[in-house]
Amino acid sequence: MLFLDSLFNGVSIGAVLLIAALGLAIVFGIMGVINLAHGELMMIGAYTTYVVQNGFKLLGDNWFEFYIIFAIPMAFLVAAAVGLMLERWVIRYLYGRPLETLLATWGVSLILQQFVRSVSWSMFVGILLFSLLFFGGIWVLKKRLDFDRLRRPAIAVLLPLSVGIAIAASVLSGNLFKLAFTKPWFGAQGVDVTAPGWLRQGLELGSLYLPYVRLFIIGLTVVCVAGIYLFLQRSPWGLRIRAVTQNRTMSACLGIPTQKVDALTFAIGSGLAGIAGCAISFLGSVGPNTGQNYIVDAFMVVVVGGVGQLFGTIVAAIAIGTVSYLLGSGTIAALVSDVNFLSDFFSFFANTSMARVMVFALIIAFLQVRPAGLFPQKGRTVDA
Amino acid sequence: MNEDISSEHQEKATVIRQLYRQLRQRPRLTEAVTVGAIALFAIAIVPFFLSAFNLDLLNRYLALAILALGIDLIWGYTGMLSLGHGIFFALGGYAIAMHLKLQIPPDASSQLPSFMSLYGVTELPAFWKPFYSFPLTLIAVFLIPALLATFLGYLVFRNRIRGVYFSILTQAATIVFFNLFNGQQKLINGTNGLTDFKTILGAEVSNSNTQFVIYTLTVLLLVGAYYLCRWLTGGRFGKVLVAIRDDETRLRFSGYDPTGYKVLVFAISGALAGIAGALFTLRSGIISPKAMDIAFSIEMVIWVAVGGRATLIGAIVGALLVNYSKSWLISQFPDIWLFFQGGLFLLVVLVLPNGLIGWLKTEGINLLRRLVKRPRYVTTYPSLEEDPEVRRERENLGN
């Protein structure tokens, strides 16, 4: 019974990992981009859930029961929008330079972390004003025919001007309205998302107790995976995405808008991160560092699963989740308690952090046997 | 008759060889003189002009510059982005810290490091024992990181795991080692790390004279590390490294086995990180698992990126510059300084991909020449660059 119980918990952790790794795997498989800000996109999804929850709390208890149905698509949309901005403003310029992308996305992740810590109304005003002035100015100038010649001087004038006005406005509004404007929205402390009442119970099967939250997360993961599978296999844009994955140059020659495909892929991957954030917000407190806890595990899933393989990602996520839970909770140590030597060995690894050590060692050992992951890509393009 | 020609030939060859050697040695001589002068300046003059606090900062950052040299070797020259150098840095730091913790006066009530008695440890763990000896500690400072790097590197490179995969694996290793050190309260004081050092070789660690010796040692080791990297990258070995970076597959097809080279350079880089960690620990007086934070390991890379990859000077300049501005920014904007750090990452990658030194070498020098009204250096055929017709065409095309 203990074993079944742990197995269920392990699978549910695997489900969280999978939903976190899904977006990463798609983006990495298609664009070859490692997005270190993926964890922060999850965090944005979690905070979106928090905001939606608070909004529904105001509407009353009856509404509150169903806020999740609204929170999940919101988390998807907000994270996808941030991801789209990220792709357009940063990553687009770095295709073909994966290591630089790694550094740039790390910078983005730092900025996003600090953003949720210190965002307040006065900062919001500043950012809004800056966007209006700078991007509005560029938009107006773009209508001129000689824009290409004007681009550099225009940016050189507009950028410091709008930055200056924005900072001045934000400081001024902060001084004018005091705390109402300068108080951070979320702060550095973690915030808590309350699951609605019907998610707080559990399903009892004999002596087995399955919390609804975990069942819900597993269900959500299944829906996401199925949705992505159907999208990639059945929709016209899915076909284009698969074509670009296989051969970017050839796809471009055949008239597939690869830039649009990239942007779309990145937005969808980010959106999935948002949903993952929504899921993890039910498991514990949400803070600016939330994403960091999941990101490396999610990467390990991608490495073990093999690039661009949905199925590999699924298997790897469930396997890593289950193994690390079985090790970390001490289940394996309890199972082999008859054999003294083995029991001592597994007891040493029977906590969450030591289980990580063991899982990493297992992954390195696994990569010795299958260096390219569970289901490696075949063909000549792989080594290029 | 035949012999005559050949001897004449040889004579010519010797002359040419001598000339070539002279030409090659002249910049090296200038460089050696410059490096020596800077080192002498740093040791003999700088300490008298800086306050104790600033000298302390300088010393720490010089130690970090050694680390940056190692990163430059592996990332700048070999093209492998390691996000796990915090491990090696921390291992070097822990090695020296363990030696310092074992400097217990013989009349003390307990012959164990103070934190151990707190957790009820009665006997010194076996792996602490070698650190009683100072020479063994000195060897451990660079040997342990180098051995670990060799082990990890061999397992990874043997399977041709590279690029972002390598980065991810090293990043995961950082988390693993962080957990490993963080969880072992009894053995190495877990989260709190090792701190509160008293004496080294009989001298007090916090004494200003000792600290000056450490400073001098740091400068000398930095010069040594610089010359080691210089020597490694200057010759055939360095060419292979660059070849690995630029096209590893082609190198393999030319009959080289990149694995050995990669393992070796990873080990050397790890050893440099270990030395840096030891020096840093001596000066800051603490080593904790925080040194194995992912953020710190990625920061190191950005020092090199700011200074300029594949330029050894760039690594040193970057480490000093970024760290100084970091401590300044933290003191000025403690609340929002992460914005600046994140912005720096974006700025360097997007706007200044070659770093400061790289920019100076390419565009900066032309900018300077334009200021003094000299023609710009051209990288392609000068005739083509100067051709008015070509120039007009380019302007019309808008680039």
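Residues numbered from 1 in each chain as written. Chains lettered and ligands numbered in written order. Predicted model: local features only at pLDDT ≥ 70, side-chain atom pairs only at ≥ 80, totals over all residues. Heavy atoms only, no water.

- For chain B, the name recorded in an unreviewed UniProt entry is Urea ABC transporter permease subunit UrtC, with Oxynema aestuarii AP17 as its organism.
- Taken directly from UniProt, the Subcellular location (unreviewed entry) text for chain B runs: "Cell membrane". (UniProt positions renumbered as here; feature names shortened; annotations may be inferred.)

- The name given to chain A in an unreviewed UniProt entry is Urea ABC transporter permease subunit UrtB, with the source organism recorded as Oxynema aestuarii AP17.

## A word on the overall build of chain A
Item 1. Within chain A, the regular secondary structure consists of 17 helices and 2 strands.
Item 2. Taken against the 2.2 N^0.38 rule, which gives 21 Å for 384 residues, the C-alpha radius of gyration of chain A at 23 Å falls within 12% of a compact globule.
Item 3. Counting only C-alpha atoms and orienting by the principal axes, one finds that chain A spans roughly 80 × 55 × 35 Å.
Item 4. Put simply, chain A has 384 residues, and 48% of those count as buried.
Item 5. In chain A, 75% of the contacts between residues at least 6 apart in sequence involve partners at least 24 apart.
Item 6. Accessible surface computed for chain A: about 18,500 Å², of which carbon and sulfur atoms make up 68%. (Helix = DSSP H or I, 4+ residues; strand = E, 2+ residues; numbered from the N terminus. Rg over C-alpha atoms; globule rule 2.2 N^0.38 Å. Buried < 20%, exposed > 50% of the residue type's maximum accessible area, 1.4 Å probe, protein only. Contact = heavy atoms within 4.5 Å. Areas by Shrake-Rupley, 256 points an atom, 1.4 Å probe, with all protein chains shown as cover.)

## Observations concerning the overall build of chain B
Item 1. Helices and strands together make up the secondary structure of chain B, namely 16 helices and 4 strands.
Item 2. If one aligns the C-alpha atoms of chain B with their principal axes, the spans along those axes are about 85 × 65 × 50 Å.
Item 3. Taken over 399 residues, chain B has a buried fraction of 48%.
Item 4. In chain B, 78% of the contacts between residues at least 6 apart in sequence involve partners at least 24 apart.
Item 5. About 20,900 Å² of surface is accessible on chain B, with carbon and sulfur atoms providing 64% of the total.
Item 6. Side chains of chain B give 34 positive and 25 negative charges; the mean places of these two sets differ by 2 Å. (Lys, Arg positive; Asp, Glu negative; His and termini not counted. Charge placed at Lys NZ, Arg CZ, Asp CG, Glu CD.)

## Here we look at the interface of chain A and chain B
Item 1. Each partner contributes residues to the interface: chain A has 41 residues there, and chain B has 43 residues.
Item 2. Summing both partners gives a buried area of about 3,800 Å² for chain A against chain B, and 76% of it is carried by carbon and sulfur.
Item 3. The interface formed by chain A and chain B contains 1 salt bridge.
Item 4. B:Arg309 is the partner of A:Glu100 in a salt bridge, and the nearest nitrogen-oxygen pair spans 2.9 Å.
Item 5. On the surface where chain A and chain B come into contact, there are 6 residue pairs in polar contact (both at pLDDT 80 or more).
Item 6. Only α5 (98–118), α13 (290–305) and α17 (352–369) of chain A provide two or more residues apiece to the side of chain A that touches chain B.
Item 7. In terms of residue count, the dominant contributor to the side of chain A that touches chain B is α5(A) (16 residues).
Item 8. Its residues assigned to classes, the side of chain A that touches chain B comprises 30 nonpolar, 6 polar and 5 charged. (Buried area = accessible area lost by both parts, 1.4 Å probe. Salt bridge = Lys/Arg side-chain N within 4 Å of Asp/Glu carboxyl O. Polar contact = N/O pair within 3.5 Å; in protein donor to acceptor, adjacent residues only side chain to side chain. Nonpolar A, V, L, I, M, F, W, Y, C, P; charged D, E, K, R; others polar.)

## What to know about the domain arrangement of chain A
All names here are of chain A.
Item 1. As assigned here, chain A comprises domain 1 (2–119 + 184–369) and domain 2 (120–183).
Item 2. Each of domain 1 and domain 2 was reduced to a C-alpha centroid, and the two centroids are 34 Å apart.
Item 3. On the domain 2 side, the residues contacting the 6 residues of domain 1 number 8 residues.
Item 4. Carbon and sulfur atoms supply 70% of the area buried between domain 1 and domain 2, which totals about 600 Å² over both sides.
Item 5. Our enumeration of links across domain 1 and domain 2 arrives at 0 salt bridges.
Item 6. Taken together, domain 1 and domain 2 are joined by 1 residue pair in polar contact (both at pLDDT 80 or more).
Item 7. Residues belonging to the side of domain 1 that touches domain 2 are distributed by class as follows: 5 nonpolar, 1 polar and no charged. (Domains from an automatic or database assignment.)

## Details of the pattern of salt bridges
All names here are of chain B.
Item 1. One pass over the full model with this rule turns up 13 salt bridges over all chains.
Item 2. Residues Arg-60 and Asp-56 are paired through a salt bridge, measuring 3.0 Å at the closest nitrogen-oxygen approach. Taken together, the residues span about one helical turn, with Arg-60 and Asp-56 both in helix α2 (residues 52–77) at a distance of 4 residues.
Item 3. Judged by its relative accessible area of 23%, Arg-60 is partly exposed.

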